Amino acid sequence: MALGKLPIVPASFFGIVLGFGGLGNAWRAANEVWHLPRAVGEALLAAAALIWITLLVLTTAKWIYARPAALAELNHPIQSCFVGLAGLTTMVIAAAVLPYSHTAALILFVLGFLHTVSFAVWLTGMLWEGGRDKAHTTAALYLPVVGGSFVAASVAANLGYGDWGELAFGAGAFTWLAIDAVLLHRLYTAEPMPPIIRPTLGIQLAPPTVGALAYINLSHGPPDMFIHAMLAYGLMISVVLLRLWPWIREQPFSVGYWGFTFGVTSLTTAPLRLIEHGETGPLAIMAPYLFVGGNIIIVLMTLATLRLLLQGRLLSPQ
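No experiment lies behind these values; they were computed from the predicted model shown.

Before going further, it helps to examine the overall build of the chain. When you go through the chain residue by residue, the secondary structure sums to 11 helices and 0 strands. Walking the chain from its N terminus toward its C terminus, one meets helices and strands in the order α-α-α-α-α-α-α-α-α-α-α. Taken over the C-alpha trace, the chain has a radius of gyration of 19 Å; the compact-globule value for 318 residues is 20 Å, and the two agree within 12%. Residues counted as buried form 51% of the 318 residues belonging to the chain.

In structure tokens form, the structure reads like this:
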């Protein structure tokens, strides 16, 4: 059965939810620290929820009416890593609705967590079987276990299940270190990435910054050297990505660039959360500049995406 006029949406489109949801959380933190309008953050989170629902409907339709395309994506050596974002973003939306309903947030979290764990175990098992081309090693490998674990840890802590969050944080942290070594070895020793997959390097920023948010949510004391070290690593990666920007931009803008926003918005939010915990050092000084920068990046991403949509180049109908 044909999907008709409905577009076949790649799983990577869920990265848009991460961008809007992450910036919404940054505005929530800015409301607490600087008393900026809370309505801005809630509007961003509402937009994230609307996009998430739309993508879930289109993804379900893809699996029903365009199963060959869905299976091809699931078995693709790079695109398969994005399939788990359906569960990860469900946990992000759980955090968004938490101030309004603990029960709804808990249900969404459990559903998202189960999807994330199931997919991460399946994909990791497949990767451990070996036979993978080194050219297919990209930062997208972080998403299923590292991204999923850190988001699960952060949301579990907010829901009041910090002990479970600590387990998730451990799974994410040690997997991050392992994949980081593999990815850097590939970047240092193998042939350069072709332009089409260079935007995946933006995901490299996510582990230290998303992990930092998880650590902040799990800890209750003042900022320590470990959290400063995590964010310092994130800042270092962001500077390297800026240096590589002309090289990355050889690939024209696509939705894949939203992979940058997962780490960017976390780097925007984390210093604000640290200020709530008593941070007064360099990260507190940088916080306003990181906040402005994060907002500018999301605005530019949104405008570029809307331009593709208006030009009819965002989605490919079946």
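What follows concerns the UniProt feature "transmembrane region" (unreviewed entry) in the chain. The positions UniProt marks with the feature "transmembrane region" (unreviewed entry) are residues 7-24, 44-65, 77-98, 104-128, 140-161, 225-245, 257-275 and 287-310. For residues 257-275, helix accounts for 89% and strand for 0%, while the C-alpha atoms at its two ends are 29 Å apart.

Glancing now at a nonpolar patch on the surface. The grouping of Val292, Ile296, Val299, Leu300, Leu303, Leu306 and Leu309 at the surface amounts to a nonpolar patch, some 640 Å² of accessible area in total. Tracing the backbone through its elements, the reader meets Leu309 in helix α11 (residues 282-310).

The next subject is helix α8 (residues 206-218). The end-to-end C-alpha distance of α8, which contains 13 residues, comes to 18 Å, matching closely the 18 Å that a straight helix rising 1.5 Å per residue would cover. Most of α8 sits inside the fold, with 12 of its 13 residues counted as buried. Every buried residue of α8 is accounted for by Ala206, Pro207, Pro208, Thr209, Val210, Gly211, Ala212, Leu213, Ala214, Ile216, Asn217 and Leu218. Each element contacted by the buried residues of α8 is listed here: α6 (142-159), α7 (162-189), α9 (225-248) and α10 (259-276).

This next bit is on the environment of Asp224. By secondary structure assignment, the location of Asp224 is in the loop between α8 and α9. Overall, Asp224 belongs to the partly exposed group, its relative accessible area being 28%. At 2.6 Å, the side chain of Asp224 forms a polar contact with the side chain of Tyr215.

Turning next to the packing of aromatic side chains. Per the counting criterion, the structure on display carries 14 aromatic pairs. Judged by centre distance (5.9 Å) and plane angle (35 degrees), the rings of Phe119 and Trp122 are tilted. Of the two residues, Phe119 and Trp122 both sit in helix α5 (residues 102-128), 3 residues apart, roughly one turn of that helix. The exposure class assigned to Trp122 is partly exposed, which follows from its relative accessible area of 36%. Judged by centre distance (5.3 Å) and plane angle (35 degrees), the rings of Phe150 and Phe169 are tilted. Here Phe150 is found in helix α6, whereas its partner Phe169 is found in helix α7, with 19 residues between them in sequence. The class for Phe150 is buried, based on a relative accessible area of 0%. Feature note: the residues Phe150, Phe169, Trp176, Tyr215, Phe226 and Tyr233 constitute an aromatic cluster, connected by ring pairs.

Rules used in this analysis
Along every chain, residues carry numbers that run from 1 in the direction the sequence is written. With the structure being a predicted model, the display of local features is reserved for residues of pLDDT at least 70 and the display and counting of side-chain atom pairs for 80 or more, all residues being used for whole-chain, interface and lining totals. Hydrogens and water molecules were not included; the side-chain quantities draw on all heavy atoms of the structure. Runs of E in the DSSP output that reach at least two residues are strands. Runs of H or I that reach at least four are helices, and both are numbered from the N terminus. Only C-alpha atoms enter the radius of gyration, while the globule expectation follows 2.2 Å times N to the 0.38, with N the number of residues. Only protein chains enter the accessibility calculation, which uses a 1.4 Å probe; a residue whose area is less than 20% of its type maximum is buried, one above 50% is exposed, and one in between is partly exposed. UniProt positions are given in the numbering used here, feature names are shortened, and annotations may be inferred rather than shown by experiment. What goes into a patch is any residue over 30% in relative accessible area without a salt bridge, connected to like charges within 9 Å or, for nonpolar side chains (Val, Leu, Ile, Met, Phe, Trp, Tyr), within 5 Å. Residue-level accessible areas treat just the shown protein chains as cover; the underlying method is Shrake-Rupley with a 1.4 Å probe. Any carboxyl oxygen of Asp or Glu within 4 Å of a side-chain nitrogen of Lys or Arg constitutes a salt bridge here. Any helix carries an expected span of 1.5 Å times its number of residues minus one. Should any heavy atoms of two residues lie within 4.5 Å, those residues are counted as being in contact. What qualifies as a polar contact is a pair of N or O atoms within 3.5 Å, subject to a donor-acceptor requirement within protein and to the restriction that residues adjacent in sequence count only when both atoms come from side chains. Two rings belonging to Phe, Tyr or Trp (six-membered ring only in the last case) form a pair when the distance between their centres is within 6.5 Å. Interplanar angles under 30 degrees mark stacking, angles over 60 mark edge-to-face geometry, and anything in between is tilted.

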